[in-house]
Amino acid sequence: MRDVIEQLRSWLAEGEAVALATVVATYRSAPRQPGASMVVGPRGEVIGSVSGGCVEGSVYELGQQVRVDGCPVLQRYGVSDDDALSVGLTCGGTLDVFVEKVTSETFVQLDEVASAIRDDTPVAVATVVAGPEERVGRRLLIWSDRVDGSTGSARIDHAVSTDAAGLLGAGRSAMLTYGPSGDRRGVGLDVFVESFVPRPRMIVFGAIDFAAAVARLGGFLGYRVTVCDARPIFATASRFPGADDVVVEWPHRYLKNEADAGRTDRRTALCVLTHDPKFDVPLLQVALRLSEVGYIGVMGSRRTHEDRLVRLRAEGLTDREIDRMSSPVGLDLGARTPEETAVSIAAELIAQRWGGSGARLADGGGPIHRP
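1. Points about the pattern of salt bridges
Consideration 1: By the definition in use, this model includes 23 salt bridges.
Consideration 2: Here Glu-6 ties to Arg-9 by a salt bridge, and the two come within 3.3 Å at their closest N and O atoms. Of the two residues, Glu-6 and Arg-9 are both situated in helix H1 (residues 5-13); the distance of 3 residues between them amounts to about one turn of the helix.
Consideration 3: Take Glu-6: its relative accessible area is 43%, and that puts it in the partly exposed class.
Consideration 4: The closest approach of N and O atoms between Asp-244 and Arg-199, which form a salt bridge, is 3.5 Å. Placement of the pair is Asp-244 in the loop between strand S12 (224-229) and strand S13 (245-248) and Arg-199 in the loop between strand S10 (189-196) and strand S11 (201-205), with a sequence separation of 45 residues.
Consideration 5: Among the charged side chains, a network of salt bridges with common partners joins Glu-6, Arg-9, Asp-111 and Arg-118.

Written as structure tokens, this is what we have:
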């Protein structure tokens, strides 16, 4: 919903009714993750996607129907369906899509959700997608300090809000199953919890042309990007339009302050592009000892890398700490230009996140998408 919420708000503010289709569960090699959304607008417009093209036509027709009759539908698409080829899901996966009619009356908290997403305030939206007719489509909003909305049952509200708070804390979206009265061991009531948490951070150290390309691609991948350099003449917003923030500070000081303030976590990616010992050695002394940072990529030639290893060991870093560093940074794509190098770094980030090997898919076998 993050990708469609502003247009959704616009239509609802105009008093229009739309159909919102959301992927609520996937199995095997499904093309999109839970939370992927598509909106069918009041005049047949479409924004967003639930499958990357596989079943869009079928979901569109279903959305048109739901927008008119107002009856929500939980629809499963997959290769086991008799009409799998007709809807186009030939990738071997299965996905469940919940389609509901949305108006300003049925989703009164939409503006609050949009504001939370814009302000990087964590919030979870829990929607009943299957169960007793009178509960389907009802939703709860779960914040760190409060709960809004209701499923129509205080017992169910308590169970869902408690479980959704745990998912929100972990930054996860998931389908939860309960008994009709909120029994966690029961079945018959399915609730999809979509968690919206602040974007993961990418901090790029070194105000060079490669940093501009990495910042642009980092933003494209969904990171909140900060470029940091101690040289004010180079670290300017005009040179890095793809960055959310440009900071003039010694890199090691900035990173330590951010870590001490709790603004780094396991999703944080550090890209050290300075390849200058006076900057990167003090910085890496801090970075490699931050267990909560997920990725540390360091630019430089193999000769620069070997010299850097000697300097880091001389500063007392252990082999285990040094092994956390990806250096030289990126996958072996034969990249030459700043833009190609940024793609190489992004490819390594994606491979690390999902457990990919970086090898050509054409040379392998088995599932393309890993759990």
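2. Let's talk about the sheet that holds strand S14 (residues 269-272)
Consideration 1: Pairing within the open sheet is parallel, and its 6 strands lie in the order S13-S12-S11-S14-S15-S16. If you trace the sheet from one side to the other, it starts and ends with S13 and strand S16 (325-326), each paired once.
Consideration 2: Judged from the 4 bridges that link them, S12 and S13 form a sheet pairing that is parallel. Among the inter-strand pairings, Cys-228 is bridged to a residue of S13, identified as Val-247.
Consideration 3: Along the sheet face, helix H11 (residues 338-354) touches S11, S14, strand S15 (295-298) and S16 and points at about 155 degrees away from the line of S15.

3. Some words on the packing of aromatic side chains
Consideration 1: Tallied over the entire structure, the rule returns 1 aromatic pair.
Consideration 2: Here the aromatic rings of Trp-250 and Phe-279 are separated by 5.2 Å at their centres, their planes lie at 40 degrees, and the arrangement is tilted. Within this pair, whereas Trp-250 is found in the loop between S13 and helix H7 (251-260), its partner Phe-279 is found in helix H8 (residues 277-287), the two being separated by 29 residues in sequence.
Consideration 3: Seen from the ring of Phe-107, Arg-139 lies directly overhead, with NZ or CZ sitting 4.1 Å from the centre.
Consideration 4: Its end group placed over the ring of Trp-143, Arg-146 keeps NZ or CZ at 4.2 Å from the ring centre.

4. Re the packing of H1 against helix H4 (residues 110-118)
Consideration 1: Where H1 contacts H4, the axes come no closer than 10 Å and their chain directions differ by 150 degrees. With respect to each other, H1 and H4 are oriented roughly antiparallel. Of the two possible hands of crossing, H1 and H4 adopt the one that is left-handed. Judged by residue contacts, Ile-5, Glu-6, Leu-8, Arg-9 and Leu-12 of H1 engage Leu-110, Asp-111, Val-113, Ala-114, Ile-117 and Arg-118 from H4.
Consideration 2: Here the contact of H1 with H4 is composed, by residue class, of 7 nonpolar, no polar and 4 charged.

Calculation criteria
- Along each chain, residue indices are assigned from 1 in the same order as the chain's sequence is written.
- In keeping with the predicted nature of the model, local features appear solely for residues at pLDDT of at least 70, side-chain atom pairs appear and are counted solely at 80 or more, and the whole-chain, interface and lining totals rest on all residues.
- Here the side-chain values reflect all heavy atoms present in the structure, with hydrogen atoms and water set aside.
- A carboxyl oxygen of Asp or Glu within 4 Å of a side-chain nitrogen of Lys or Arg is what we treat as a salt bridge.
- In this description a helix means any DSSP run of H or I spanning at least four residues, a strand means any run of E spanning at least two, and both kinds are numbered starting from the N terminus.
- Burial classification: accessible surface area is computed with a 1.4 Å probe over protein chains only, and a residue below 20% of its type maximum counts as buried, one above 50% as exposed, and the rest as partly exposed.
- Pairs of strands are assigned from DSSP output, requiring at least two bridges between the strands.
- Whether two residues touch is decided by their heavy atoms; if any such pair falls within 4.5 Å, the residues are in contact.
- Between N-to-C directions, angles span 0 to 180 degrees; the directions come from axes that are lines fitted to C-alpha atoms, helices contributing only their stretch in contact.
- The rule is short: rings of Phe, Tyr and Trp, with Trp giving its six-membered ring, pair when the centres are within 6.5 Å, and they are stacked under 30 degrees, edge-to-face over 60, tilted in between.
- For a lysine, the NZ atom is tested; for an arginine, the CZ atom; a charge sits over a ring if that atom is within 6 Å of the ring centre and within 35 degrees of the ring normal.
- Should an angle fall under 35 degrees it is taken as roughly parallel, and over 145 as roughly antiparallel, whereas 65 to 115 is taken as roughly perpendicular and any remaining angle as oblique.
- Crossing handedness: left-handed means the near helix sits turned counterclockwise from the far one by under a right angle, and right-handed means the same turn made clockwise.
- Here the term charged refers only to Asp, Glu, Lys and Arg, the term nonpolar to Ala, Val, Leu, Ile, Met, Phe, Trp, Tyr, Cys and Pro, and the term polar to all other amino acids, Gly among them.

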